[in-house]
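# Close look at the chain arrangement
Now for the letters of each chain:
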Amino acid sequence: LPALFKQELQNTEAEEGGTATLRCELTKPNAPVEWRKGDTTLYPGLKYEMEQQGSTAELVIYDLELDDS
């Protein structure tokens, strides 16, 4: 069976130039997670940091711009 979200992602408000953290909890621990913005897959680097521990996955977005919404 595929991994599902235990809870929907919540909207997060942050200021331009700041940092935002998005978290999701999955029904299967260590299930592969792919973070996307529309059709674009996000990869770790200066702008994005991804972590996963067990069934919790986290995306941190640095140096926020209006285009990140």
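Reference entry: report on the structure contained in this document. The structure displayed is predicted, hence computed values, not measured ones.

### A word on the sheet that holds strand E4 (residues 48-53)
As summarised here, the arrangement of the 3 strands in space is E1-E5-E4, forming an open sheet in which the pairing is antiparallel. In this open sheet, the two edge strands, each paired with only one partner strand, are strand E1 (20-25) and E4. Averaged over all pairs of adjacent strands, the angle between their axes in this sheet comes to 15°, without regard to strand direction. Pairing between E4 and strand E5 (residues 56-61): 6 bridges, direction antiparallel. Across the sheet, methionine 50 pairs through a bridge with leucine 59, a residue of E5.

### Overview of the layout of surface pockets
The gaps left among the atoms become clear once a water-sized probe is rolled over them. Of the voids in this model, the largest pocket is the one considered here, and its volume is about 450 Å³. Around the largest pocket, the lining is made up of 21 residues, and of these Thr12, Ile61, Leu64, Asp68 and Ser69 lie nearest the centre. When residues of the lining of the largest pocket are traced back to their parent elements, those giving at least two are E1, strand E2 (36-37) and E5. Taken together, the residues of the lining of the largest pocket break down into 11 nonpolar, 3 polar and 7 charged.

Here is what the cut-offs are and how they apply
Residues numbered from 1 in each chain as written. Predicted model: local features only at pLDDT ≥ 70, side-chain atom pairs only at ≥ 80, totals over all residues. Heavy atoms only, no water. Pairing = 2+ DSSP bridges. Helix = DSSP H or I, 4+ residues; strand = E, 2+ residues; numbered from the N terminus. Axes fitted to C-alpha atoms, helices over the stretch in contact; angles between N-to-C directions. 1 Å grid on protein atoms, 1.4 Å probe; cavity = no way out; pocket = protein on both sides within 12 Å on 5 of 7 lines; lining within 4 Å. Points joined across faces, edges and corners; volume = space filled by probe spheres on them. Nonpolar A, V, L, I, M, F, W, Y, C, P; charged D, E, K, R; others polar.

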